[in-house]
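# Working through the structure, step by step
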Amino acid sequence: GQVGSTAVLEALDEALNALELQYLLVLTDEKKEIASIQKISMKGWAMQRLGSRIKNSSSGINSHRKQWPPAILTTIDKLIPIYTTDIYDFIPASVVEKRRHIIDLALQQMQINKNTAAILVPQELADQRVALLGVWGDDLQEKDVPAFTAFAGQITSAVTKEMLHESGKEQARNLSRANALIE
């Protein structure tokens, strides 16, 4: 399922665009076996098409655990944020798309090259899924990890509140249906 309301994702988009950073938000399943892209910076026509594919899919664009590079596995399994300059190599290794020219075009439009620095911050959600916020840009440094960890924590808190609110609404609907049957 998707993570975050439109309002939460728009706030994420605004904040990171103001910092002139590109980003993606990935969500794992409860078993941490499948990851799906939930939101990604949108620059260029290919990214707009990718964004449409994410919005029209019930589970985003999926990648299986066996495709994840070791650093990503550690980040997700141990919930450890990382600073890396290997993001250029992580993405092709993690996606199902095997046509290299498509991957190269996406990397170019995402402004990712061999020298691009990135910070990947995992956050465990209330339902045991992991949300992974990846940000990248020319000016990122390892010393920025704590700030983005705090930022990801705020996003996680907003998503968790939303999940609890939606759960409460669903319980209220179920109770209302049950009461209607009794009457």
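Summary of the structure given here. Because the structure is a prediction, the values reported are computed rather than measured. (Residues numbered from 1 in each chain as written. Predicted model: local features only at pLDDT ≥ 70, side-chain atom pairs only at ≥ 80, totals over all residues. Heavy atoms only, no water.)

### Quick word on helix α6 (residues 145-182)
Its 38 residues place the ends of α6 55 Å apart at the C-alpha level, agreeing with the 56 Å of an ideal helix rising 1.5 Å per residue. Looking only at α6, the buried set comprises Val145, Phe148, Phe151, Ala152, Ile155, Thr156, Val159 and Thr160. (Helix = DSSP H or I, 4+ residues; strand = E, 2+ residues; numbered from the N terminus. Expected span 1.5 Å × (residues − 1). Buried < 20%, exposed > 50% of the residue type's maximum accessible area, 1.4 Å probe, protein only.)

### Overview of the pairing of strand β6 (residues 130-137)
Buried residues dominate β6, accounting for eight of its eight residues. Side chains of β6 alternate between two faces, with Val130, Leu132, Gly134 and Trp136 and Ala131, Leu133, Val135 and Gly137 buried alike. Both strand β1 (residues 22-28) and β6 contribute to a ladder of six bridges, which runs antiparallel. Across the sheet, Gln22 pairs through a bridge with Trp136, a residue of β6. Two elements, strand β5 (residues 117-124) and β6, share eight bridges in a ladder whose sense is antiparallel. Note that in β6 the partner of Pro122 across the bridge is Leu132. Hairpin connection, β5 to β6: the antiparallel pair is bridged by five residues, and Gln128 has positive phi, about 75°. (Pairing = 2+ DSSP bridges.)

### Notes on the environment of Ala126
Tracing the backbone through its elements, the reader meets Ala126 in the loop between β5 and β6. What makes Ala126 exposed here is its relative accessible area of 51%. Separated by 34 residues in sequence, Ala126 and Thr160 place their C-alpha atoms 6.3 Å apart.

### Side note on the pattern of salt bridges
According to the stated counting rule, one finds three salt bridges in the structure shown. For Arg65, the salt bridge is made with Asp77, and the minimal N-O distance between the two is 2.4 Å. Highlighted residues: Arg65 in the loop between β3 (61-64) and α3 (70-78) and Asp77 in helix α3, separated in sequence by twelve residues. A relative accessible area of 38% means that Asp77 is categorised as partly exposed. Between Glu170 and Arg173 there is a salt bridge; the shortest N-O distance is 2.8 Å. Pair noted here: Glu170 and Arg173 are both in helix α6, with a separation of three residues, about one helical turn. What makes Arg173 partly exposed here is its relative accessible area of 36%. (Salt bridge = Lys/Arg side-chain N within 4 Å of Asp/Glu carboxyl O.)

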